[in-house]
Amino acid sequence: MILENTFADVWIEGEVSNFKAAPSGHFYFSLKDKDSVIAAAMFSRSNKDLKFKIEDGLKAICRGRIDVYPPRGQYQLIVDNLEPKGIGAQQLAFEQLKKKLAKEGLFDSAHKKELPVMPFSVGIVTSSTGAAVRDILQILKKGARGVNVVIRSVRVQGEKAASEIAEGINDLNKFSRQADESGGGIPHIAGNKVDMIIVSRGGGSVEDLWAFNEELVARAIYASRIPVVSAVGHQINLTLSDLVADFFVETPSAAAKIIVDKKNSLLAEIDNLQHQLNFSIQETINNLNNSVIALRHTLKSPLDRLLEKQQLLDELYSGLSNNMRSFLKLTRETAGSYIKRLEALSPLAVLSRGYSLSMAISNDVIIKDASGLKPKDKVKTILGKGSFISTVEEVNNG
Amino acid sequence: MAKDKQSFEEDLKRLQKIVEELAEGKLTLGESLKKYEEGVKLAQGCSQALSDAQRKVELLMKKEGKSSLEEFDEKGIKGD
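So, here is what we can say about the structure in this document. In this text, all values refer to a predicted model and were calculated from it rather than measured experimentally.

Structural notes on the interface of chain A and chain B
At the junction of the two partners, chain A supplies 50 residues and chain B supplies 45 residues. Regarding the contact of chain A and chain B, the summed buried area is about 4,200 Å², with carbon and sulfur atoms giving 64% of it. The interface formed by chain A and chain B holds two salt bridges in total. The salt bridge partner of K62(B) is E167(A), with a shortest N-O separation of 3.2 Å. Applying the counting rule to chain A against chain B returns ten residue pairs in polar contact (both at pLDDT 80 or more). Of all elements in the fold, only α4 (131-143), β7 (148-153), α5 (161-182) and α8 (252-345) of chain A reach the threshold of two or more residues within the side of chain A that touches chain B. Looking at the side of chain A that touches chain B, the element that brings in the most residues is α8(A), giving 15 residues. The class makeup of the residues in the side of chain A that touches chain B is 23 nonpolar, 15 polar and twelve charged.

In structure tokens form, the structure reads like this:
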């Protein structure tokens, strides 16, 4: 009794070992430091609010009282409260949950869905009165006016936040599926498929953002058929929703900017495709045009050959007439010389040099031999200029 | 009304395919012109879908397990 009264409220620091969680819900373990060890029990009424798991090796600060366990006559520490040493209880819980979810594969990139080529309808899970929705809507209004928005308003901090956020994600999935299936059946909802979900809240303290570290939220994001972008305002630590989400950004504005960027790059791509279309058709037409020109060329070439022949003919012709001219000239010259020679041979030319030609009047035969003459014969004599008739007086036969 | 996501993606893919086919230059002039015309229409449709200025901002409400959409009043945002 003295012992129990004296040590009614003690703090003991040590490392947990031999941890056992009994089916009754009570925890039994040892607390030890390098010199000593003490048994400890943490009953279910005390441990039910623990956010983290107690594991061997955990350095802890325990608050409780010293008691005796009568069956063994052993001292033990009845733990009312246990805090991890050097790390906050919340942080430890976070680390443990993160480890667990990682082990289950919730963060695996293989499970991450591609964001749609262009989200035309975006679901936002956030507070409808918060800065996040305002930022997102403003940026969409400026940069991507055609995008429809479905807001699922939830509390983003406080005790109920996690379950509301998880529900919001589920609701948007259900809603989108309804729109998928109804195909016009439900007015207002038909055609309102959700292409992408943004889970968001503006910046805040680690505690403010804690809902986004809760298992419920992480599992809802993981289960979403629709790609989820986590946009929780933070500077340093990633939340579990960031890790599970298909894509994460650090601010709500950045989430909206993804959509605007997609739209702009698509517009640029379409513009580029249009240019390529124009280029290709121009190219096709040019190529065909070139073929036509080439064909026309081929067709034209017999004509060309004909012209060539004509030209050749012209050349030959002009060559021919030249030859003819020189032939004629030559002929004329030859004829001239013949004429001269003919002239030289003309007896008249001889006569002009003083010779004369005589012929008998009786028969006009030129007299070459005097023996044919006898006196009294009449003879005509031709001179270079004029002629006369004479009578033969005497004949001398050479 | 914004173009349906699926048909937009299909149109875009079709457009990309047409551009490839035309670039290969193996089509006849008639085919080329036909594809070109289709491509231009698709490009116009796609960029119009993106430039569409009409949009809706709605709140998804849940009452007794049933979903409904309500117009969202952007003036109601206070901001954090």
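Let's talk about empty space enclosed by the protein
Residue and element names in this part refer to chain A. Enumeration according to the criterion identifies one cavity of 30 Å³ or more in this entry. Taken as a whole, the largest cavity encloses approximately 50 Å³ of empty space. Lining the largest cavity, in full, are L106, D108, H111, K112, K113, I221, Y222, V244, A245 and D246. Across the lining of the largest cavity, the residue classes break down as five nonpolar, one polar and four charged.

Examining the pattern of salt bridges
Summed over all chains, the structure comprises 20 salt bridges over all chains. For E164(A), the salt bridge goes to R155(A), with nearest N and O atoms at 2.8 Å. When its relative accessible area of 18% is taken as the criterion, E164(A) is described as buried. A salt bridge links E21(B) to K17(B); the shortest N-O distance between them is 3.5 Å. Of this pair, E21(B) and K17(B) both sit in helix α1 (residues 5-24), four residues apart, which is roughly one turn of that helix. Classification of K17(B) as partly exposed rests on a relative accessible area of 45%. Salt bridges sharing common partners tie together K100(A), E104(A), E215(A) and R219(A).

Conventions adopted
- Residues numbered from 1 in each chain as written.
- Chains lettered and ligands numbered in written order.
- Predicted model: local features only at pLDDT ≥ 70, side-chain atom pairs only at ≥ 80, totals over all residues.
- Heavy atoms only, no water.
- Contact = heavy atoms within 4.5 Å.
- Buried area = accessible area lost by both parts, 1.4 Å probe.
- Salt bridge = Lys/Arg side-chain N within 4 Å of Asp/Glu carboxyl O.
- Polar contact = N/O pair within 3.5 Å; in protein donor to acceptor, adjacent residues only side chain to side chain.
- Helix = DSSP H or I, 4+ residues; strand = E, 2+ residues; numbered from the N terminus.
- Nonpolar A, V, L, I, M, F, W, Y, C, P; charged D, E, K, R; others polar.
- 1 Å grid on protein atoms, 1.4 Å probe; cavity = no way out; pocket = protein on both sides within 12 Å on 5 of 7 lines; lining within 4 Å.
- Points joined across faces, edges and corners; volume = space filled by probe spheres on them.
- Buried < 20%, exposed > 50% of the residue type's maximum accessible area, 1.4 Å probe, protein only.

Geometric descriptors of this kind do not, in isolation, establish any biological role.
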